[in-house]
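Structure at a glance
These are the residues of each chain, in order.
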Amino acid sequence: MSDPTTIAQQLQDLRQAMATACASVGRNVDEVQLLAVSKTQSADAVNAAVIAGQRHFGENYVQDALGKMDHVVGEVVWHFIGPLQSNKTRAVAEHFDWVHTVDRLKIAERLSAQRPAGRAALNICLQINISRETAKSGVAPEQVMPLAERLVELPNLRLRGLMAIAEDTSDTSKLRAQFGEMQTLMARLQDAGMPLDTLSMGMSQDWRLAIEFGATIIRVGTAVFGPRQPRPPSTEH
Ligand SMILES: *Cc1c(COP(=O)(O)O)cnc(C)c1O
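Residue indices follow the written sequence of each chain, beginning from 1 at its first position. Thresholds applied to this predicted model are a pLDDT of at least 70 for local features of residues and 80 or more for the giving and counting of side-chain atom pairs; totals over whole chains, interfaces and linings are not thresholded and use all residues. Side-chain measures here rest on the full set of heavy atoms in the structure, leaving out hydrogens and waters.

**Here we look at the overall build of the protein chain**
Within the protein chain, the regular secondary structure consists of nine helices and eight strands. Taken over C-alpha atoms, the radius of gyration comes to 17 Å for the protein chain, in line with the 18 Å a tight globule of 237 residues would show. A principal-axis box enclosing the C-alpha atoms of the protein chain has dimensions of 45 × 40 × 30 Å. Three exposure classes are used, based on accessible area relative to the maximum for each residue type with a 1.4 Å probe and protein chains only: buried under 20%, partly exposed in between, and exposed over 50%. Evaluated residue by residue, the protein chain yields a buried proportion of 54% over its 237 residues. Two residues qualify as a contact provided that any one of their heavy atoms is within 4.5 Å of a heavy atom in the partner residue. Long-range contacts, defined as pairs at least 24 residues apart, comprise 57% of the intrachain contacts of the protein chain with a sequence gap of at least 6. Only the protein chains shown count as cover for residues, and the accessible areas themselves come from Shrake-Rupley with a 1.4 Å probe. When the accessible surface of the protein chain is split by element, carbon and sulfur atoms take 49% of a total near 10,800 Å². The helix and strand labels rest on DSSP assignments: H or I over at least four residues marks a helix, E over at least two residues marks a strand, and numbering proceeds from the N terminus. The globule rule used here is 2.2 Å times the number of residues to the 0.38 power, and the radius of gyration it is set against is calculated over C-alpha atoms.

So, in structure tokens, the structure goes:
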């Protein structure tokens, strides 16, 4: 991992760059939350970020995340951003505050049923397959409305908004089209009366553009922590 000083410096640089990017498109930087994606990084790396003032962390692998949660000190908000299979929903419902990757009703129903009594509703984003690549998870844009309508009826979930992973390309016209479509989709759901406030999009390579198209959470890993560690071995997939 990067050393604590480097992590603190990278966070500071990123927050400054976020302020600049927001200002250049007439947005207030307070509208955009930085989600530090700590997948494969150690608890020490997360702690270094916490000490540097970072509060929201994103994890992709359930076992990897649970292993480090106990060693992270301070008030941290955990976001699950990885592919979610049925056999992992209970651990996620019990240990996370947010899930960004819900793309089918069955998973949502399990999360709602398995959310421990007495805990706040689990915050949910619906993942949209915005690039329409067949290998990518996420619901097709046309199918989001019926899914959202079912999801808002589940008692222990709170639908906050939409999430997307844009195509891995440096073609900014494609990225603009995809982020723009997310912004339109979000507005359509809001117009239909859904009280959504979250658009989770933008990563290390493309977060500036995502901010231009209304992102309220950007998910940044390598630009905060440096290169990822080897993927945790496990039974995850
Ligand atoms: C890994 C990951 C990120 C962060 O990617 P970087 O390119 O390291 O910023 C963001 N979102 C999701 C869903 C991820 O899996």
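Moving on from the coordinates now.
**Regarding the site of the ligand**
Lys 39, Asn 60, Ser 204, Gly 221 and Arg 228 are the nearest of the 13 residues found near the ligand. Here a polar contact is taken to be a pair of N or O atoms separated by no more than 3.5 Å, where protein atoms must pair a possible hydrogen donor with a possible acceptor and residues adjacent in sequence count only if both atoms sit in side chains. Between an oxygen atom of the ligand and a side-chain N or O atom of Arg 228, the distance comes to 2.7 Å. Protein coverage of the free-state accessible area of the ligand, which is 380 Å², stands at 90%. Taken together, the residues that form the shell around the ligand break down as six nonpolar, four polar and three charged. We call a residue near a given molecule or strand whenever any one of its heavy atoms falls within 4 Å of it. As a working rule, the residues Ala, Val, Leu, Ile, Met, Phe, Trp, Tyr, Cys and Pro are called nonpolar, Asp, Glu, Lys and Arg charged, and the rest polar, with Gly in that last group.

**A word on helix 5 (residues 105-114)**
Within helix 5, the full set of buried residues consists of Leu 105, Ile 107, Ala 108, Leu 111, Ser 112 and Gln 114. Contacts made by the buried residues of helix 5 are with helix 4 (89-95), strand 4 (98-102), strand 5 (122-128), helix 6 (144-151) and strand 6 (157-164).

**What to know about the nonpolar core**
Ranked by size, the top nonpolar core spans 71 residues in total, and within it Leu 111 and Leu 162 carry the most contacts. Counting residues per element, this core draws most heavily on helix 1 (residues 4-24), at seven residues. Only buried residues count toward a nonpolar core, which is a set of Ala, Val, Leu, Ile, Met, Phe, Trp, Tyr and Cys residues joined through side-chain atoms within 4.5 Å. Core analysis: the next-biggest nonpolar cluster, separate from the first, contains eight residues, Val 77, Ile 81, Cys 125 and Ile 217 among them.

**Brief notes about the packing of aromatic side chains**
Only the six-membered ring of Trp is used, alongside the rings of Phe and Tyr, when aromatic pairs are assigned; centres must lie within 6.5 Å, and planes under 30 degrees apart are stacked while those over 60 apart are edge-to-face, with the rest tilted. Using the criterion set out here, one finds two aromatic pairs in the structure. Their ring planes at 45° and their centres at 5.9 Å tell us that Phe 57 and Trp 78 sit as a pair that is tilted. With Phe 57 in strand 2 (residues 56-59) and Trp 78 in strand 3 (residues 77-80), the pair connects residues that are 21 residues apart, well separated along the chain. A relative accessible area of 7% means that Trp 78 is categorised as buried.

**Some points on the packing of helix 1 against helix 2 (residues 43-51)**
Relative orientation of the contacting elements helix 1 and helix 2 amounts to 50°, with a least axis distance of 9 Å. Between helix 1 and helix 2, the angle falls in the class oblique. Of the two possible hands of crossing, helix 1 and helix 2 adopt the one that is right-handed. Residues Pro 4, Ile 7 and Leu 11 of helix 1 pack against Ala 45, Ala 48 and Ala 49 of helix 2. Residues belonging to the contact of helix 1 with helix 2 are distributed by class as follows: six nonpolar, no polar and no charged. Working convention: axes come from line fits to C-alpha atoms, limited for helices to the stretch in contact. Angles between N-to-C directions cover 0 to 180 degrees. Should an angle fall under 35 degrees it is called roughly parallel, over 145 degrees roughly antiparallel, and 65 to 115 degrees roughly perpendicular, with every other angle called oblique. Two helices cross in a left-handed way if the nearer one is turned anticlockwise from the farther one by less than a right angle. They cross in a right-handed way if the turn is clockwise.

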